[in-house]
Amino acid sequence: MNYEWLALAAAFLWAVSSLISVTPSRHLGAFAYSRWRMACVTVMLSSMAWLNGGWASMQWDYASVMMLSGVIGIFIGDTALFACFNRIGPRRGGLLFACHAVFSALLGMWLFGEILQGWKLLGSIAVFAGVAVAISFGQRRGNERQQHWEGNHGSLAFAILLGLTAALCQSLGAIIAKPVMQTAVDPIAASAVRMASAFAAHSILRLSGVPLAKPLQPINLRILLQVALNGLLAMAIGMTLILYALRDGDVGMVALLSSTSPIMILPLLWLHTRQRPPAAAWFGAIIAVLGTMLILTN
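Can you explain the packing of helix α9 (residues 221-248) against helix α10 (residues 251-258)? Please cite residues and give values.
As a packed pair, α9 and α10 sit with axes 9 Å apart at the nearest point and diverge in direction by 145°. Like other packed secondary-structure pairs, α9 and α10 cross with a definite hand, here right-handed. Packed against α9, whose contacting residues are Ile-242, Ala-245 and Leu-246, the element α10 presents Val-251, Val-254 and Ser-258 at the interface. The residue makeup of the contact of α9 with α10, split by class, is five nonpolar, one polar and no charged.

Here's what the structure looks like:
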């Protein structure tokens, strides 16, 4: 499978998982939710790497780089993202997180000399513009169930800061991981190292007694299963697909295609809230799909 399709598959899994995350993340709080999620995914990926022999490809030089990528991209970035979702919901939070495509494209051009030109440049502009339009106009007024998911819970300015922080950290995490992923290292083992480093950072924070690391409410079996399912889809599979995509694809292009997850959220939100998004949202989605087609066919 080409890297473009891997990035799109990851985007779809992120879209599904972002909806699953709302209830357990608000139940536990962003830090406790991320900590439990990292614990589940670390066990999953470590077991998978052991079964497929991927640990044999991991060297200390690779591991140290992936640990740094995990702390920045997952510990800081992921926690900031879910804190943002808790405050303004997955739709508007997704718009802020989509900025990671811009950050990644700029960093890729600066550090790796990546170039977007011709039809791919036009397609890239269409994708980002479509995502922005679809998410900006993706909400109808007057639906109580949607307002529960999409309403403001806390400071809007702080939520915006959290969303942009998550986007920047996601970009930096991918940039740091890119050189390692161009070696013979196993992506599953590399992803396991990223996840374990993020979980270790969360655990240290919890042991330090910092109040914000404490859970808002005790975890129960239902919440734990939701956390584990989210982790399986978004991190164990989704982030590993991104690492596979980074082997062959430019950082900016992989980030751009994976940023289409807010588009994929629209029909899922429609199913969940039973209210069709407005026409402007679908117009933006069509623009993004056409842009994606330009990228895939060129």
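With reference to specific residues and values, describe the pattern of salt bridges.
Enumeration over the complete set of coordinates arrives at one salt bridge. A salt bridge links Asp-78 to Arg-37; the nearest nitrogen and oxygen atoms lie 2.1 Å apart. A residue pair is termed long-range when its members are at least 10 positions apart, and Asp-78 in helix α3 (residues 60-97) and Arg-37 in helix α2 (residues 30-51) qualify at 41 residues. Assessed through its relative accessible area of 2%, Arg-37 is described here as buried.

Tell me what's going on with a nonpolar patch on the surface, and back it up with residues and numbers.
A surface patch of nonpolar side chains, amounting to about 380 Å² of accessible area, comprises Ile-286, Val-289, Leu-290 and Met-293. If you trace the backbone, Ile-286 turns up in helix α12 (residues 279-296).

Hey, could you go over the nonpolar core for me, with residue numbers and the actual values?
Residues Met-58, Met-66, Met-181, Met-235 and Leu-246 are the most contacted members of the largest nonpolar core, which totals 71 residues. Contributions of two or more residues to this core are made by α1 (3-28), α2, α3, α4 (100-112), α7 (156-181), α8 (187-207), α9 and α10. Of the residues forming this core, the biggest block, 14 residues, is contributed by α3. Excluding its chain neighbours within four sequence positions, the residues that come into contact with Leu-246 are Ala-174, Lys-178, Met-181, Gln-182, Val-251 and Val-254. Listed in part, the five residues of the second largest apolar core include Ile-263, Ala-281, Ala-285 and Ala-288.

Describe in detail the packing of α4 against α7, supporting the description with residues and values.
Closest axis-to-axis distance for the α4/α7 pair is 8 Å, and the angle between their directions is 35°. You can see that α4 and α7 cross each other, and the crossing is right-handed. Touching His-100, Phe-103, Ser-104, Leu-107, Gly-108, Leu-111 and Phe-112 of α4 are Leu-164, Ala-167, Leu-168, Gln-170, Ser-171, Leu-172, Ile-175, Lys-178 and Pro-179, all from α7. Across the contact of α4 with α7, the residue classes break down as ten nonpolar, five polar and one charged.

Hey, could you go over α4 for me, with residue numbers and the actual values?
In this model, α4 (13 residues) spans 17 Å end to end at C-alpha, consistent with the 18 Å of a helix rising 1.5 Å per residue. Those residues of α4 lying buried are His-100, Ala-101, Ser-104, Ala-105, Leu-107 and Gly-108. Looking at the residues trailing α4, positive phi occurs at Gly-113, about 65°.

Please give an account of α1 that cites residues and values.
Compared with an ideal rise of 1.5 Å per residue, which puts 26 residues at 38 Å, α1 spans 35 Å between its outermost C-alpha atoms and is within 8% of the ideal. At Ser-21, α1 shows its largest bend, some 40°, and a proline, Pro-24, comes one to four positions later. Among the 26 residues of α1, 19 are classified as buried, and the element is accordingly described as predominantly covered. Gly-29 sits one or two residues past α1 and shows a positive phi near 95°.

Parameters at a glance
- Residues numbered from 1 in each chain as written.
- Predicted model: local features only at pLDDT ≥ 70, side-chain atom pairs only at ≥ 80, totals over all residues.
- Heavy atoms only, no water.
- Axes fitted to C-alpha atoms, helices over the stretch in contact; angles between N-to-C directions.
- Helix = DSSP H or I, 4+ residues; strand = E, 2+ residues; numbered from the N terminus.
- Left-handed = near helix turned anticlockwise from the far one by under 90°.
- Contact = heavy atoms within 4.5 Å.
- Nonpolar A, V, L, I, M, F, W, Y, C, P; charged D, E, K, R; others polar.
- Salt bridge = Lys/Arg side-chain N within 4 Å of Asp/Glu carboxyl O.
- Buried < 20%, exposed > 50% of the residue type's maximum accessible area, 1.4 Å probe, protein only.
- Patch = residues over 30% accessible without salt bridge, like charges linked within 9 Å, V, L, I, M, F, W, Y side chains within 5 Å.
- Areas by Shrake-Rupley, 256 points an atom, 1.4 Å probe, with all protein chains shown as cover.
- Core = buried A, V, L, I, M, F, W, Y, C linked by side-chain atoms within 4.5 Å.
- Expected span 1.5 Å × (residues − 1).
- Bend = angle between axes of the 7 residues up to and from the residue.

From the geometry alone we can't say anything about function, so treat these as descriptive.
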